[in-house]
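Chain by chain, the residues run as shown.
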Amino acid sequence: MGVKHGRDYGEILAELTEAVGRISDSYVFFEMEAEDWGNLGEAERNEVHEALAEDLFYALGTEPVISVGSGVVMHDRNNHRIHILIGEEELAFVALV
């Protein structure tokens, strides 16, 4: 089902893809090894991040907090945002409305 949103899904997906790309070890979510990640080209990495963003968008509809490598992705239902954090540092957020 995914999270409720009022903005265009394509825009949300593009922003979420870019945001999860800021997590340096985001590939761990797909159980990839650092060496395998290092062998991917930029276009392939972007495809992995886009797949991750899609998975997160739908999973956050039922799980409000999901670990992604050393980061955390959180759905803030009250403020209609998805937050991307490492520790207590917010790397980015994606507005849903």
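Residues numbered from 1 in each chain as written. Predicted model: local features only at pLDDT ≥ 70, side-chain atom pairs only at ≥ 80, totals over all residues. Heavy atoms only, no water.

As for the pairing of strand S1 (residues 65-68)
Where burial is concerned, the two faces of S1 differ: the one with Ile-66 and Val-68 is buried and the one with Val-65 and Ser-67 is not. Two elements, S1 and strand S2 (residues 71-76), share 4 bridges in a ladder whose sense is antiparallel. Note that in S2 the partner of Ser-67 across the bridge is Val-72. Between the end of S1 and the start of S2, which pair antiparallel, lie 2 residues, with Gly-69 showing a positive phi angle near 55°. (Buried < 20%, exposed > 50% of the residue type's maximum accessible area, 1.4 Å probe, protein only. Helix = DSSP H or I, 4+ residues; strand = E, 2+ residues; numbered from the N terminus. Pairing = 2+ DSSP bridges.)

Let's talk about helix H1 (residues 9-20)
Over its 12 residues, H1 runs 16 Å from end to end, which matches the ideal 16 Å to within 8%, given 1.5 Å per residue. On the buried face of H1, the contacting elements are helix H3 (42-59), strand S3 (81-86) and strand S4 (89-95). In this structure Asp-8 caps H1, since a side-chain oxygen of it lies 3.1 Å from the backbone nitrogen of Gly-10. (Expected span 1.5 Å × (residues − 1). Contact = heavy atoms within 4.5 Å. Polar contact = N/O pair within 3.5 Å; in protein donor to acceptor, adjacent residues only side chain to side chain.)

Focus on the nonpolar core
The biggest cluster of nonpolar side chains holds 20 residues, and the ones touching the most others in it are Leu-16, Ile-82 and Ile-84. For this core, the elements supplying multiple residues, two or more each, are H1, H3, S1, S3 and S4. Not counting the four nearest positions on each side in its chain, Ile-84 is found in contact with Leu-16, Ala-19, Ile-23, Val-72, Val-73, Glu-89, Glu-90, Leu-91, Ala-92, Phe-93 and Val-94. (Core = buried A, V, L, I, M, F, W, Y, C linked by side-chain atoms within 4.5 Å.)

As for the side chain of Ser-26
Secondary-structure assignment places Ser-26 in the loop between H1 and helix H2 (34-38). There is a polar contact of 2.8 Å between the side chain of Ser-26 and the side chain of His-49. Apart from residues lying up to four places away in sequence, Ser-26 is in contact with Val-20, His-49, Leu-52 and Val-68.

Remarks on the pattern of salt bridges
A pair can form between side chains of opposite charge whenever their charged atoms are brought close. Tallied over the entire structure, the rule returns 3 salt bridges. Close ionic contact of Arg-7 with Glu-11 constitutes a salt bridge, the shortest N to O distance being 3.4 Å. Judged by its relative accessible area of 18%, Arg-7 is buried. Accessibility expressed as a relative area gives 43% for Glu-11, which makes it partly exposed. Across the pair Glu-15 and Arg-7 runs a salt bridge whose closest N-O atoms are separated by 2.7 Å. Here the residues in one salt-bridge network are Arg-7, Glu-11 and Glu-15, joined through shared partners. (Salt bridge = Lys/Arg side-chain N within 4 Å of Asp/Glu carboxyl O.)

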